[in-house]
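What the coordinates show
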Amino acid sequence: PNSPYLRVTPSMLKKQKGRKGTDAWMVLGGKVYNVSPYVPFHPGGGPELLRGAGKDGTKLFGEVHPWVNYEGMLSACLVGIWVPVEEDND
Ligand code: HEM
């Protein structure tokens with residue numbers, strides 16, 4: 001309430017794995033991004049990127065390339081904020 005951002009809950013996130021025509025969403029640093037537009041450009045390849053799809057990829061991302069500025073790269077792909085508890089949003 002009173003926030004311009006979509007509040008993304010676990011049940012919403014797990015439907016967004018990039019399969020069956022859905023976009024792939026990923027939690028990074030408490031924000032939720034649609035990573036689908038970036039899949040064809042990811043230097044590590046699409047499948048590698050999609051390991052974090054429909055999940056909180058923060059830890060995995062940080063293990064692989066903590067120097068990559070995902071906030072800048074994905075600013076236009078921001079979906080909303082990560083709310084790791086169920087609400088009545090979906
Ligand atoms: C490179 C994995 C998410 C941007 C790589 C590489 C791997 C990888 C293995 C190395 C490729 C190589 O050198 O051959 C992953 C995994 C992700 C993920 C498992 C999911 C959590 C992302 C996201 C972004 C991103 C969300 C940007 C928004 C990049 C960039 C490189 C890279 C820029 C090149 C980095 C460099 O060479 O310094 N990734 N990636 N990746 N990835 Fe990711």
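What you see is a predicted model; the values in this text were computed from it and never measured.

Further remarks concern the pattern of salt bridges. Inspection of the entire model under this criterion finds four salt bridges. Taking the shortest distance from any N to any O, the salt bridge between arginine 7 and glutamate 87 comes out at 2.7 Å. With arginine 7 in strand E1 (residues 6–8) and glutamate 87 in the segment after strand E5 (78–82), this pair connects stretches of sequence that are 80 residues apart. By relative accessible area, arginine 7 is classed as partly exposed at 26%. By relative accessible area, glutamate 87 is classed as partly exposed at 24%. Between glutamate 71 and lysine 31 there is a salt bridge, and its shortest N-O distance comes to 3.2 Å.

For the iron atom of the ligand, the protein coordination sphere consists of His42 (NE2) and His65 (NE2), at 2.0 to 2.1 Å. Each of the six donor atoms bound to the iron atom of the ligand contributes to angles spanning 88 to 179°, and the resulting shape is octahedral. Of this pair, histidine 42 sits in the loop between strand E3 (31–34) and helix H2 (46–49) while histidine 65 is found in the loop between helix H3 (58–64) and helix H4 (70–73), placing the two residues 23 residues apart along the sequence. Accessibility expressed as a relative area gives 17% for histidine 65, which makes it buried.

So, on to the nonpolar core. Core analysis: the largest hydrophobic core is formed by 11 residues, namely Ala24, Met26, Leu28, Tyr33, Val35, Leu49, Ala53, Phe61, Tyr70, Leu74 and Cys77. Those residues in contact with cysteine 77, other than ones at most four positions away along the chain, are Val32, Tyr33, Asn34 and Pro37. Counting eight residues, the second-largest nonpolar core is a separate cluster that includes Val8, Trp25, Val32 and Val79.

A sheet is described by the order of its strands in space; here five strands give the open sequence E1-E5-E3-E2-E4, paired in mixed fashion. The strands lining the two open edges of the sheet, one partner per strand, are E1 and strand E4 (55–56). Where strand E2 (residues 25–28) lies against E4, two bridges are found, and the strand directions are parallel. Pairing of methionine 26 across the sheet is with lysine 55, part of E4.

Reading guide: rules and limits
- Residues numbered from 1 in each chain as written.
- Predicted model: local features only at pLDDT ≥ 70, side-chain atom pairs only at ≥ 80, totals over all residues.
- Heavy atoms only, no water.
- Salt bridge = Lys/Arg side-chain N within 4 Å of Asp/Glu carboxyl O.
- Helix = DSSP H or I, 4+ residues; strand = E, 2+ residues; numbered from the N terminus.
- Buried < 20%, exposed > 50% of the residue type's maximum accessible area, 1.4 Å probe, protein only.
- Donors = N, O, S within 2.8 Å, 3.2 Å for Na, K, Ca; no water.
- Tetrahedral: all angles 85-135°; square planar, octahedral: opposite > 155°, others 65-115°.
- Core = buried A, V, L, I, M, F, W, Y, C linked by side-chain atoms within 4.5 Å.
- Contact = heavy atoms within 4.5 Å.
- Pairing = 2+ DSSP bridges.

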